[in-house]
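Descriptive structure summary
The chain contents come next:
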Amino acid sequence: MNLVTPLNRVLGLGTAGGAGEHWWVQRLTAVALVPLGLWLAASLVGLDDYSYAAMVAWIREPVTSILLILFALTATYHSHLGLQVVIEDYLHAKALKFGALLLSTFGHAALAVAAVFAVLRIAFGPAQ
Amino acid sequence: MQRVERPLSPHLQIYRWRITMWLSSLHRISGLLLTLGAFVFAIWLISLASGPDAYGSAQAFFGSGFFKLLAALWALAFFYHMLNGVRHLLWDVGYGFERPQIRKTGWTVIVLALLASVLFISLAIF
């Protein structure tokens, strides 16, 4: 039995049409997260302490703000794609699977907005 | 409709566990841990954006010994997932599928992840 519609087969797509892009974006975000993640780890090592003043001063630096936003968006999307695969692999009951996917999608959307907003608020807020 | 009893492929407990299977499972588990970590990281950023008082209150959790243990676990998950992710990317471009290679890269990932984690944990967490 072939689950691919004739049109999608012609277009070179899978049953839902999104698998190829899902796979590709997962790799794309993975590649981007290697330097971004290493930068974040190195930055945390470079901080004197995690005091309020030190953290705000660090995030207010333009390069930090930009890279932190890039990291937050890339990591959130990568996490969203990864968790989606895990949910689809292990949750088979339709309602449970749909609910989990919905919760994951909303949660990750909120995560991205919250992280970006927090960084911007600190970056444009008063210096310490 | 009557359910057809089809033969099933052997499940996990049938196979002898090899390093490749451990690492594959660990990639998922570390990924899930990092998803959780991303949410906690965002909460920490929000507390920072909410001002010194909110950040001070949040430090009751983020400054605790329990959180340091969590952070150490996340560091381990982070370095493992990243290094094993590179291993996956190498497979994606067609490198490293031979059995000796797959074991060698697997052990390399374990050693490097442990070294990087110990270094990071000692410098940035404890």
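On a predicted model such as this, the values are computed, not experimentally measured, just so you know. (Residues numbered from 1 in each chain as written. Chains lettered and ligands numbered in written order. Predicted model: local features only at pLDDT ≥ 70, side-chain atom pairs only at ≥ 80, totals over all residues.)

Along its length, chain A carries 5 helices and 0 strands. Traced from its N-terminal end to its C-terminal end, chain A shows the element sequence α-α-α-α-α. Split into buried and exposed, the 128 residues of chain A put 18% on the buried side. Restricting the contact set of chain A to residue pairs at least 6 apart, pairs at least 24 apart contribute 67%. (Helix = DSSP H or I, 4+ residues; strand = E, 2+ residues; numbered from the N terminus. Buried ≥ 20, exposed ≤ 12 C-beta atoms within 10 Å, placed from the backbone. Contact = placed C-beta atoms within 7 Å.)

This brings us to the overall build of chain B. For chain B, the helix and strand inventory stands at 4 helices and 0 strands. Ordered by position from the N terminus, the helices and strands of chain B form the series α-α-α-α. Its C-alpha radius of gyration of 20 Å places chain B more than 25% over the 14 Å reference for a compact globule of 126 residues. With the C-alpha coordinates aligned to their principal axes, the bounding extent of chain B is approximately 60 × 50 × 25 Å. (Rg over C-alpha atoms; globule rule 2.2 N^0.38 Å.)

Below, the discussion takes up the interface of chain A and chain B. Listed per partner, the contact involves 24 residues of chain A and 23 residues of chain B. Contributions of two or more residues to the side of chain A that touches chain B are made by α2 (19–46), α3 (52–60), α4 (62–90) and α5 (94–124) of chain A. Take the side of chain A that touches chain B: its biggest share by element is 8 residues, from α2 of chain A.

Counting residues in each nonpolar core, the largest one holds 33 residues, and the members touching the most others are Ala-115 and Val-119 of chain A together with Leu-45 and Leu-48 of chain B. Of the residues forming this core, the biggest block, 8 residues, is contributed by helix α3 (residues 65–92) of chain B. Ala-115 of chain A has contacts with Ala-72 of chain A together with Ala-42 and Leu-45 of chain B, leaving out every residue within four places of it along the chain. (Core = buried A, V, L, I, M, F, W, Y, C linked by C-beta atoms within 7 Å.)

Residue and element names in this part refer to chain A. Relative to each other, α4 and α5 sit at 175°, their axes nearing to 10 Å. By the criterion of interaxial angle, the relationship of α4 to α5 is roughly antiparallel. Contacts between α4 and α5 involve Ser-65, Leu-68, Ile-69, Ala-72, Leu-73, Thr-76, Ser-79, His-80, Leu-83, Gln-84, Ile-87 and Glu-88 from the former and Lys-97, Ala-100, Leu-101, Ser-104, Thr-105, His-108, Leu-111, Ala-112, Ala-115, Val-116, Val-119 and Ala-123 from the latter. Classifying every residue of the contact of α4 with α5 gives 14 nonpolar, 8 polar and 2 charged. (Axes fitted to C-alpha atoms, helices over the stretch in contact; angles between N-to-C directions. Parallel < 35°, antiparallel > 145°, perpendicular 65-115°, else oblique. Nonpolar A, V, L, I, M, F, W, Y, C, P; charged D, E, K, R; others polar.)

Below, the discussion takes up the environment of Leu-111 of chain A. By the secondary structure assignment, Leu-111 of chain A is in helix α5. Note: C-alpha distance between Leu-111 of chain A and Thr-76 of chain A (35 residues apart in sequence) is 7.0 Å. Aside from chain neighbours lying at most four places away, what touches Leu-111 of chain A is Thr-76 of chain A together with Ala-38, Phe-39 and Ala-42 of chain B.

Before going further, it helps to examine the confidence of the model for chain B. Looking at chain B, pLDDT values average 94 and 99% of them are 70 or higher. In the model output, the complex is listed with pTM 0.90 alongside ipTM 0.90. (pLDDT = per-residue confidence, 0-100.)

Attention now moves to the environment of Leu-23 of chain B. Residue and element names in this part refer to chain B. Looking at the secondary structure, you find Leu-23 in helix α1 (residues 19–49). Judged by the 19 C-beta atoms lying within 10 Å of it, Leu-23 falls in the partly exposed class. Leu-23 sits 58 residues away from His-81 along the chain, and the two C-alpha atoms are 9.7 Å apart. Excluding anything up to four places from it in sequence, Leu-23 contacts Asn-84, Gly-106 and Val-109.

Closest axis-to-axis distance for the α2 of chain A/helix α4 (residues 99–125) of chain B pair is 8 Å, and the angle between their directions is 40°. Classified by the angle between their axes, α2 of chain A and α4 of chain B sit oblique to one another. Judged by the sense of rotation from one axis to the other, the crossing of α2 of chain A with α4 of chain B is left-handed. Of the residues in α4 of chain B, those touching α2 of chain A at Ala-41, Leu-44 and Val-45 of chain A are Phe-120, Leu-123 and Ala-124 of chain B. Tallied by class, residues from the contact of α2 of chain A with α4 of chain B come to 6 nonpolar, no polar and no charged. (Left-handed = near helix turned anticlockwise from the far one by under 90°.)

Now for α2 of chain A. All names here are of chain A. Its 28 residues give α2 an end-to-end C-alpha distance of 40 Å, which sits within 8% of 40 Å, the value for a rise of 1.5 Å per residue. At Leu-33, α2 is bent by approximately 35°, the largest bend along its length, and proline Pro-35 sits one to four residues beyond. Of the residues making up α2, those classed as buried are Thr-29, Ala-30, Leu-33 and Gly-37. (Expected span 1.5 Å × (residues − 1). Bend = angle between axes of the 7 residues up to and from the residue.)

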